Protein chains: 2
Amino acid sequence: MSVPTTTEIIGILGGMGPAATADFYAKLVAATPGAGDQDHLRTVIWSDPTIPDRTEALLAGGPDPTPWLLNGGRVLREAGATVIAIPCNTAHAFVPRIADHVGLPIVHMIGEVARHLSTLSPRIHTVGLLATTGTVRTGLYQEWLDHFGIRLVLPGTTSQDAEVMAAIHAVKAGTHDERTTALLTRAARRLTEQGAQAVIAGCTEIPLGLPDDAVSVPVIDPALVLARALVRRSRPHGGGHEDE
Amino acid sequence: MSVPTTTEIIGILGGMGPAATADFYAKLVAATPGAGDQDHLRTVIWSDPTIPDRTEALLAGGPDPTPWLLNGGRVLREAGATVIAIPCNTAHAFVPRIADHVGLPIVHMIGEVARHLSTLSPRIHTVGLLATTGTVRTGLYQEWLDHFGIRLVLPGTTSQDAEVMAAIHAVKAGTHDERTTALLTRAARRLTEQGAQAVIAGCTEIPLGLPDDAVSVPVIDPALVLARALVRRSRPHGGGHEDE
């Protein structure tokens, strides 16, 4: 048995949705270098899918998910987590409400995506975003991309509703098929026509319905970027490289 | 938001290995009926891949994983879990050592597989087992299948080492490819030649390398059987049906 090289315990605040949480953990495992079980990171996952819908809360006055997020953060801290990752883009709108209360550092998925985009070569000037209407309207990506001088292009209202949100709901319901892929591909192509040199699959459900090669530009999966950031943090001397 | 119909919180004692844990949680989510996130089961996962190898402990005098399992059980109970599932066949050899100490019911994966096999039609008289040498030698499946009058056939020593264990190690190392599938397919066919009417993919790594249609008889995935048992238990009035 090899000696564990880290005392980090990854806390995943999940359930938003549950399929995306499973997918994120699979990506974290795949992003971790090592030949045997014992080389992997200790991880605790709290997946509470009963948390109120984030987009509903942001746009339609639905129940506030903050108490659920605080409870999840508490569970993870008490379980021994040393850092928190939240594999849900829209939930990041609530990070400012919980950051001071969870007692653990949060690796910010959207901040990591903006930083990652700024490291790509050739340099990215314009990026497109496929995300929930909640994520789009709160300007989460806009704010972080501004720091790095990257312009953001978004779907029009019709594409956002009839293509992006329709596809996200299909993935959440487990009914996604080639029609879902076609919707997302069409929405992504509209973004490249507006000059996007990369497309952010900015809802953890989207990579489940949009293949990497759907458009001619890179599709950035924030869950994968977050997984690699966690590995780099936990394994400073190996793995978690930035290359796709 | 629909009202949650259960107060059950599923505790997954995972990390054995981490990829199999991610796969198991994905199966649990897929096995849960419902159209939205809020229909899914609250779940807490403790994934500690630093736990000593179970087969090494059973066969080669390696470190005893029992303290790790007890610690994981404690974390899950303190996080609010109401039931424990262990998606690792070999770890079930240690269930008798922890069952009285974790303070929660454990849904026994191997017991559930034996029960599931006894419900199939046409009736199964003989079943084959692909599993770690640890699982095979401890007779875990033999013991449970005996209760239901089902005969067990096993790979010969050479097939066990050079095909089954070689494939399991490849999946754990993330290096599995079509060669791994060929090894497992060959081992599974040897079992059907001995009369197996179904093959148990009795290590959570095996379904990741052996497609359902690799042999002409049903391949039973214990992780899927366990996921369905958890859903039936938590959602007595819907879902988690036995049919493949």
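Reading the values: rules and limits
Residues numbered from 1 in each chain as written. Chains lettered and ligands numbered in written order. Predicted model: local features only at pLDDT ≥ 70, side-chain atom pairs only at ≥ 80, totals over all residues. Heavy atoms only, no water. Helix = DSSP H or I, 4+ residues; strand = E, 2+ residues; numbered from the N terminus. Buried < 20%, exposed > 50% of the residue type's maximum accessible area, 1.4 Å probe, protein only. Domains from an automatic or database assignment. Contact = heavy atoms within 4.5 Å. Buried area = accessible area lost by both parts, 1.4 Å probe. Salt bridge = Lys/Arg side-chain N within 4 Å of Asp/Glu carboxyl O. Polar contact = N/O pair within 3.5 Å; in protein donor to acceptor, adjacent residues only side chain to side chain. Pairing = 2+ DSSP bridges. Axes fitted to C-alpha atoms, helices over the stretch in contact; angles between N-to-C directions. Parallel < 35°, antiparallel > 145°, perpendicular 65-115°, else oblique. Left-handed = near helix turned anticlockwise from the far one by under 90°. Nonpolar A, V, L, I, M, F, W, Y, C, P; charged D, E, K, R; others polar.

**Notes on the side chain of B:Gln160**
Step number 1: Its location among the elements puts B:Gln160 in helix H8 (residues 157-172).
Step number 2: Residue B:Gln160 is classed as buried on the basis of its relative accessible area of 5%.

**Topic: the domain arrangement of chain A**
When the parts of a complex come together, some accessible area is lost, and that lost area is often used as the size of the interface.
All names here are of chain A.
Step number 1: Splitting chain A by domain gives domain 1 (9-109 + 224-234) and domain 2 (110-221).
Step number 2: Computed from C-alpha atoms alone, the centre-to-centre distance between domain 1 and domain 2 is 20 Å.
Step number 3: Each side of the interface is counted separately: domain 1 has 23 residues, and domain 2 has 24 residues.
Step number 4: Together, the buried faces of domain 1 and domain 2 total about 1800 Å²; carbon and sulfur atoms form 57% of this surface.
Step number 5: Area buried by domain 1 at its contact with domain 2 is led by Asn-89, His-108 and Val-225, which between them contribute 32% of it.
Step number 6: At the junction of domain 1 with domain 2, the criterion picks out two salt bridges.
Step number 7: With a closest N to O distance of 2.6 Å, Lys-27 and Asp-221 form a salt bridge.
Step number 8: Inspection of the domain 1/domain 2 interface yields 14 residue pairs in polar contact (both at pLDDT 80 or more).

**Focus on the sheet that holds strand E8 (residues 219-220) of chain A**
Residues and elements named next belong to chain A.
Step number 1: Pairing is parallel in the open sheet, where four strands are placed in the order E6-E5-E7-E8. With partners counted over all chains shown, the strands left at the sheet margins are strand E6 (151-153) and E8, one partner each.
Step number 2: Where strand E5 (residues 126-130) meets E6, three bridges bridge the pair, whose relative direction is parallel. Paired with Thr-126 across the two strands is Arg-151, which belongs to E6.
Step number 3: Each of E5, E6 and strand E7 (199-201) is contacted by helix H9 (residues 178-193), which is oriented at about 155° to E5, the strand it contacts most.

**Regarding the packing of helix H5 (residues 109-118) of chain B against helix H7 (residues 140-147) of chain B**
Residue and element names in this part refer to chain B.
Step number 1: Look at H5 against H7: their axes get within 9 Å of each other, and the N-to-C directions meet at 40°. The orientation of H5 relative to H7 falls into the category oblique. Of the two elements, H5 crosses H7, and the hand of that crossing is right-handed. Residues Ile-110, Gly-111, Val-113, Ala-114 and Leu-117 of H5 pack against Leu-140, Tyr-141, Trp-144 and Leu-145 of H7.
Step number 2: Counted by class, the contact of H5 with H7 contains eight nonpolar, one polar and no charged residues.

**Here's the deal with the environment of B:Ala31**
Step number 1: With respect to the element layout, B:Ala31 can be found in helix H1 (residues 18-31).
Step number 2: Measuring from C-alpha to C-alpha, the distance between B:Ala31 and B:Leu117 comes to 18 Å, with 86 residues separating the pair along the chain.

**Points about the pattern of salt bridges**
Residues and elements named next belong to chain B.
Step number 1: On inspection of all chains with the given rule, the structure shows 20 salt bridges over all chains.
Step number 2: Here Arg-115 and Glu-112 are joined by a salt bridge, their closest N and O atoms 3.6 Å apart. Residue Arg-115 and its partner Glu-112 are located together in helix H5, separated by three residues, close to a single helical turn.
Step number 3: Of the residues examined, Arg-115 reaches a relative accessible area of 30% and is grouped as partly exposed.
Step number 4: Here Glu-163 ties to Arg-186 by a salt bridge, and the two come within 3.3 Å at their closest N and O atoms. With a gap of 23 residues between them, Glu-163 in helix H8 and Arg-186 in helix H9 (residues 178-193) connect regions that are remote in the sequence.

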